[in-house]
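# Coordinates in review
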Amino acid sequence: MEEYLEALRLDADTIVRDRDFCADIARAYEATLTQQENGDMRDDTLAVLATNFRRAAAHSLLLDDLSTAQELFVNAARAYERLESPYALIMRSFTAQAPSYRPRLEEQLRRQWEERASRYFPFQSIYILLVYSIGRYEGTTEFADPEYMRNIWEDLEAYRAHPVGILGLPLGSYLDLIGYFDEGLSRRGFSIEESLLPFINGYNTAVRQAIQDRYHWRRLALPFHPAEPDIFGVLLLVQSALIRKEQSLIEVVRTFPLASESRRLLNGILRSYS
Amino acid sequence: MIIQQVIKGIGDISRDQAEDILYRTGILCTWWREVTYLPMVEVPQRLTERNLFWHQNRYEDLDPLENDQPYHLRTPFISTTAGTVERRRFWRTNILNPAWLEALRFGTNSGKRNAYLFYCYVFIIGKKAVGHYSFAEEVRELNIYNGYSPFQPEGEITAKIVIPPAQIEKAEFWTVDQIKEDRRNNRVPQPFEVLPPLPPNPSFIPPDDYNNVRKVLSRKVLPKEVPT
């Protein structure tokens, strides 16, 4: 593992230390929550602890410590769920357990339907659509209302250029990927390679950009993380769906021209989940 | 113009050095510390876009303009952090980083060394002003994606040459042992000591009389938590 990190110009000791630091901070904030009333302070607390669990979990992926990563992603998911953020679904995609978020999600769906213009930003619904479209291939669906999903899709089409997540990938990229798995929502007919290209290319570009700043990269002192949950959360959903179709995401990605560091990271993390 | 609260974490300095910063010298850029007496005539030559880029992206790289010495030894810039101050940013990026935590993590190297966190304010003009040493650069505004960059530390504000004592409110002393103790007991870490022990810092000029003070997110999570 240390050789793997060294090849990525990362330091295992730094990652372990920061992982433990972030996890402890998150737990400490979590311990305060029972004393909180509703309001901005509570939401800030949840957001900080969610962020730190997320970061600690991503560090664990780099360390090839899958069980700790999954535990921390579960903690992050719970925090995002308490914030009623659909991003919790992306956190859940890293976990071994089947998502048990149905009651919360049903409430979120109801709120979305009733409060279309939002308590949270409407484009966060993209995460719901993503899980809905991929989940159909798992034989069961948590989302029993295709018409409602169609309505979300139609709403989000207006936000195609809107940046999503850490890397600011256009929301349209997510819609196109969703459309690949759910032809009922989109008739554009992209291939899996075309659908994945914005994510793989976005990730590759980010790694190449970030690694040039050796000072911040070595300390992982950037918002973008080498095991970026925004990217790998989506890829793990895709991987699980492709496995059901007896396809391999790693094989699909093999055809993409990537920096050696990007490929090493992609293969390493995807293999640990396959 | 905006007055922005920021925090600067500095590790491995003594109490005397912290008091020097707080009451006498302010936070100096490494260039000034390196040369002892600042040659003002060189300031405009150093406050350039190129040097700002190097400060933000090539901090440890060997600088051909400085006899291949690591750039950070002669930078005229000072990195500080305001963390995430806009809650809307959280809903776009799904992460929220308070300034104190960013400064603590950096200053202590994630709990590995003692550090002082200096609570300051800087002036931001809202546009690029690299050549003006009076104004700090708000890195997040220099980039695409709604003023946010995935490749710069979240909330980085780059000051120039010096942050004078008049703009430094207090300093918190954080120790490795205290942080470990807090972590062991599942407590949000607290500083071991605050300077000055009794406010206010006599050198500090509060910005309260000015408009447009943009604050950082507090460490406080409970209304009754003891203020530091």
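Residues numbered from 1 in each chain as written. Chains lettered and ligands numbered in written order. Predicted model: local features only at pLDDT ≥ 70, side-chain atom pairs only at ≥ 80, totals over all residues. Heavy atoms only, no water.

## Observations concerning the overall build of chain A
When helices and strands are tallied, chain A shows 14 helices and two strands. Here chain A, with 274 residues, has 60% of them falling under the buried criterion. Pairs at least 24 residues apart make up 66% of the contacts formed inside chain A by residues separated by at least 6 positions. Roughly 11,000 Å² of accessible area belongs to chain A as shown, and the carbon and sulfur atoms make up 45% of that amount. (Helix = DSSP H or I, 4+ residues; strand = E, 2+ residues; numbered from the N terminus. Buried < 20%, exposed > 50% of the residue type's maximum accessible area, 1.4 Å probe, protein only. Contact = heavy atoms within 4.5 Å. Areas by Shrake-Rupley, 256 points an atom, 1.4 Å probe, with all protein chains shown as cover.)

## Looking at the overall build of chain B
The secondary structure content of chain B amounts to eight helices and 12 strands. Reported as C-alpha extents along the three principal axes, the dimensions of chain B are approximately 50 × 45 × 40 Å. Across the 228 residues of chain B, 56% fall into the buried class. For chain B, restricting intrachain contacts to residue pairs at least 6 apart in sequence, the fraction spanning at least 24 positions comes to 72%. Positive and negative side-chain charges of chain B, numbering 29 and 28 respectively, have mean locations separated by a distance of 5 Å. (Lys, Arg positive; Asp, Glu negative; His and termini not counted. Charge placed at Lys NZ, Arg CZ, Asp CG, Glu CD.)

## Describing the interface of chain A and chain B
The figure often quoted for interface size is the accessible area lost as the parts come together. The interface is formed by 54 residues belonging to chain A together with 47 residues belonging to chain B. When chain A packs against chain B, close to 4,300 Å² is buried across both sides, 61% of that on carbon and sulfur atoms. Across the contact surface, chain A and chain B share five salt bridges. The closest approach of N and O atoms between Glu 60 of chain B and Arg 219 of chain A, which form a salt bridge, is 3.4 Å. Scanning the region where chain A abuts chain B turns up 16 residue pairs in polar contact (both at pLDDT 80 or more). Mapped onto the side of chain A that touches chain B, the elements with two or more residues apiece are helix 2 (12-32), helix 3 (40-62), strand 1 (163-164), helix 10 (192-211) and helix 11 (214-219) of chain A. (Buried area = accessible area lost by both parts, 1.4 Å probe. Salt bridge = Lys/Arg side-chain N within 4 Å of Asp/Glu carboxyl O. Polar contact = N/O pair within 3.5 Å; in protein donor to acceptor, adjacent residues only side chain to side chain.)

## Some words on the nonpolar core
The tendency in soluble globular proteins is for nonpolar side chains to be buried as a group. Leu 129 and Leu 196 of chain A together with Phe 118 of chain B are the most contacted members of the largest nonpolar core, which totals 151 residues. With 11 residues, helix 3 of chain A is the largest single contributor of residues to this core. (Core = buried A, V, L, I, M, F, W, Y, C linked by side-chain atoms within 4.5 Å.)

## Quick word on the confidence of the model for chain A
Mean pLDDT over chain A stands at 85; residues scoring 70 or higher make up 84%. Here helix 6 (residues 102-114) of chain A stands out as the element of chain A with the lowest mean pLDDT, 55, in contrast to helix 10 of chain A, whose mean of 95 is the highest. (pLDDT = per-residue confidence, 0-100.)

## Considering the packing of helix 2 of chain A against helix 6 (residues 99-107) of chain B
Where helix 2 of chain A contacts helix 6 of chain B, the axes come no closer than 12 Å and their chain directions differ by 150°. With respect to each other, helix 2 of chain A and helix 6 of chain B are oriented roughly antiparallel. Considering how the two elements wind past one another, helix 2 of chain A and helix 6 of chain B form a crossing that is right-handed. Listed contacts from helix 6 of chain B to Asp 18, Phe 21, Cys 22, Ile 25 and Tyr 29 of chain A of helix 2 of chain A are Trp 100, Leu 101, Leu 104 and Arg 105 of chain B. Residue composition of the contact of helix 2 of chain A with helix 6 of chain B, grouped by class: seven nonpolar, no polar and two charged. (Axes fitted to C-alpha atoms, helices over the stretch in contact; angles between N-to-C directions. Parallel < 35°, antiparallel > 145°, perpendicular 65-115°, else oblique. Left-handed = near helix turned anticlockwise from the far one by under 90°. Nonpolar A, V, L, I, M, F, W, Y, C, P; charged D, E, K, R; others polar.)

## With respect to the packing of helix 9 (residues 171-181) of chain A against helix 10 of chain A
Residues and elements named next belong to chain A. Contact geometry for helix 9 and helix 10: axes closest at 9 Å, N-to-C directions at 155°. Classified by the interaxial angle, the pair formed by helix 9 and helix 10 is roughly antiparallel. As for how helix 9 packs across helix 10, the hand of that crossing is left-handed. Contacts from Ser 173, Tyr 174, Asp 176, Leu 177, Tyr 180 and Phe 181 in helix 9 reach Ile 192, Ser 195, Leu 196, Pro 198 and Phe 199 in helix 10. Split by residue class, the contact of helix 9 with helix 10 holds eight nonpolar, two polar and one charged.

## Some details on helix 8 (residues 146-157) of chain A
Residues and elements named next belong to chain A. Its 12 residues place the ends of helix 8 16 Å apart at the C-alpha level, agreeing with the 16 Å of an ideal helix rising 1.5 Å per residue. Turning to helix 8, its buried residues are Tyr 148, Met 149, Ile 152, Trp 153 and Leu 156. Seen along its axis, helix 8 keeps its buried residues to an arc of 145°; they face one direction. (Expected span 1.5 Å × (residues − 1). Arc of directions from axis to C-beta.)

## Side note on the side chain of Glu 19 of chain B
Residues and elements named next belong to chain B. If you trace the backbone, Glu 19 turns up in helix 1 (residues 15-25). Given a relative accessible area of 19%, Glu 19 falls into the buried group. Once residues within four sequence positions are removed from consideration, Glu 19 is found in contact with Arg 24 and Leu 195.

## Structural notes on the confidence of the model for chain B
All names here are of chain B. Residue-level pLDDT values for chain B average 87, and 92% of them are 70 or greater. When the criterion is pLDDT under 50, residues 141-146 qualifies, and its contacts beyond four places in sequence or with other chains add up to 18 contacts. Below pLDDT 50 for its whole length, residues 222-228 participates in 15 contacts with residues either more than four positions away or in separate chains. Scoring of the predicted complex yields 0.91 for pTM and 0.89 for ipTM.

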